[in-house]
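One-letter residues, chain by chain:
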Amino acid sequence: ESTLGAAAAQSGRYFGVAIAANRLSDSTYASIANREFNSVTAENEMKIDATEPQRGQFNFTNADRIYNWAVQNGKEVRGHTLAWHSQQPGWMQSLSGSALRQAMIDHINGVMAHYKGKIAQWDVVNEAFADGSSGARRDSNLERTGSDWIEVAFRTARAADPSAKLCYNDYNVENWTWAKTQAMYRMVKDFKQRGVPIDCVGFQSHFNSGSPYNSNFRTTLQEFAALGVDVAITELDIQGASPTTYAAVVNDCLAVSRCLGVTVWGVRDMDSWRSGDTPLLFNNDGSKKAAYTAVLNAL
Ligand code: XIL
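Rules of the game
Residues numbered from 1 in each chain as written. Predicted model: local features only at pLDDT ≥ 70, side-chain atom pairs only at ≥ 80, totals over all residues. Heavy atoms only, no water. UniProt positions renumbered as here; feature names shortened; annotations may be inferred. Helix = DSSP H or I, 4+ residues; strand = E, 2+ residues; numbered from the N terminus. Polar contact = N/O pair within 3.5 Å; in protein donor to acceptor, adjacent residues only side chain to side chain. Contact = heavy atoms within 4.5 Å. Core = buried A, V, L, I, M, F, W, Y, C linked by side-chain atoms within 4.5 Å. Buried < 20%, exposed > 50% of the residue type's maximum accessible area, 1.4 Å probe, protein only. Near = heavy atom within 4 Å. Areas by Shrake-Rupley, 256 points an atom, 1.4 Å probe, with all protein chains shown as cover. 1 Å grid on protein atoms, 1.4 Å probe; cavity = no way out; pocket = protein on both sides within 12 Å on 5 of 7 lines; lining within 4 Å. Sits in = over half its atoms within 2 Å of the grid points. Nonpolar A, V, L, I, M, F, W, Y, C, P; charged D, E, K, R; others polar.

In the annotation of an unreviewed UniProt entry, the protein is listed under the name Beta-xylanase and assigned to Streptomyces prasinosporus. Turning to the protein, the UniProt record has this under Sequence similarities (unreviewed entry): "Belongs to the glycosyl hydrolase 10 (cellulase F) family." Per UniProt, the comment on the protein under Catalytic activity (unreviewed entry) is "Endohydrolysis of (1->4)-beta-D-xylosidic linkages in xylans."

Colleague: Can you help me understand the side chain of His-80 in this one?
Modeller: Position of His-80 among the secondary structure elements: in strand S3 (residues 76–84). Within the local environment of His-80, its side chain forms a polar contact with the side chain of Asp-123, the two groups lying 2.9 Å apart. Setting aside chain neighbours within four positions, we find His-80 in contact with Thr-41, Ala-42, Glu-43, Met-46, Lys-47, Trp-122, Asp-123, Asn-126, Asn-169, Glu-235 and Trp-265.

Colleague: Would you mind going over the nonpolar core with me for this structure?
Modeller: Here is a general trend for soluble globular proteins: nonpolar side chains tend to be buried in one another's company. Residues Phe-15, Trp-122, Val-125, Phe-154, Phe-224, Tyr-246 and Leu-281 are the most contacted members of the largest nonpolar core, which totals 97 residues. In this structure, Val-125 is in contact with Thr-81, Ala-83, Trp-149, Ile-150, Ala-153, Phe-154, Cys-167, Tyr-168 and Asn-169, ignoring residues within four places of it in sequence.

Colleague: I would appreciate a short explanation of the site of the ligand in the present structure.
Modeller: Among the 13 residues in the neighbourhood of the ligand, the closest are listed as Glu-43, Lys-47, His-80, Glu-235 and Trp-265. A distance of 2.7 Å is found between an oxygen atom of the ligand and a side-chain nitrogen or oxygen belonging to His-80. Between a nitrogen atom of the ligand and a side-chain N or O atom of Gln-204, the distance comes to 3.1 Å. Calculation on the ligand without its partners gives an accessible area of 410 Å², and the protein chains cover 78% of this total. Judged by the proximity of its atoms to the pocket grid, the ligand belongs to the largest pocket. Looking at the shell around the ligand, its residues break down into three nonpolar, six polar and four charged.

Following this line, the structure appears as structure tokens:
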């Protein structure tokens, strides 16, 4: 195959990319994105601050620019993200307790209703665990509403759109030996045992010198899949874009039948949130990097 999306489709998977609405008018960007990828995530446009800038007033202008571009070009869409401590609008940051809990529920219902039946996977909850060795939840205004906020979010999401796969998504959870990974594992195991509706776990996979790729990532994917959830690599970027590391990540997904696909977090290095790390698959002139070829050959 000659594109990442077509190559991934050979094994029933997708190869996706994060898209920024304001870059779609850049023809180099848009043509690479359309040619190579068959799944799309909005990099920022479906987040809480973008979709509900004032309480109860939803705005899908930029989210729909990405959604419509994706569907018109035959791509599936990962929804990102409904409940998160970051990129909350000011009104939500100032809420607490039962008012914040209700605002979270209303937000999930409002966004999921707009896209009902149209989203392959939703990142229902993003980044709820703390870094480091504690294995604890991250402190946040949402956590302070009660630690059941995560399962409430998933139950709300299931009722709002039963057709979407519901994912928990986080970073620094790729290394099987890390406390954060084990804490996430215990939560998913508990959810499955108690019937809390969760379908998938997203591994962001932002690899750098502080949180490098480790070959036990495959074990992590296998262990979560064995709990009865799908897994996905949702925001892949690798500091320096080592071709061998990119190929290893792809091979880890291919080795796990419940790995749905891989999404890279941007098109060209200049489009990356960490552009100084040159972590992506395309150069700024649109040409393919060595990491691109390594990924294509691995698929
Ligand atoms: C990042 C975007 O790439 C940036 O443009 C934005 O300024 C901050 O958020 N984890 C996530 C993503 O789940 O939503 C983040 O995206 C990167 C880390």
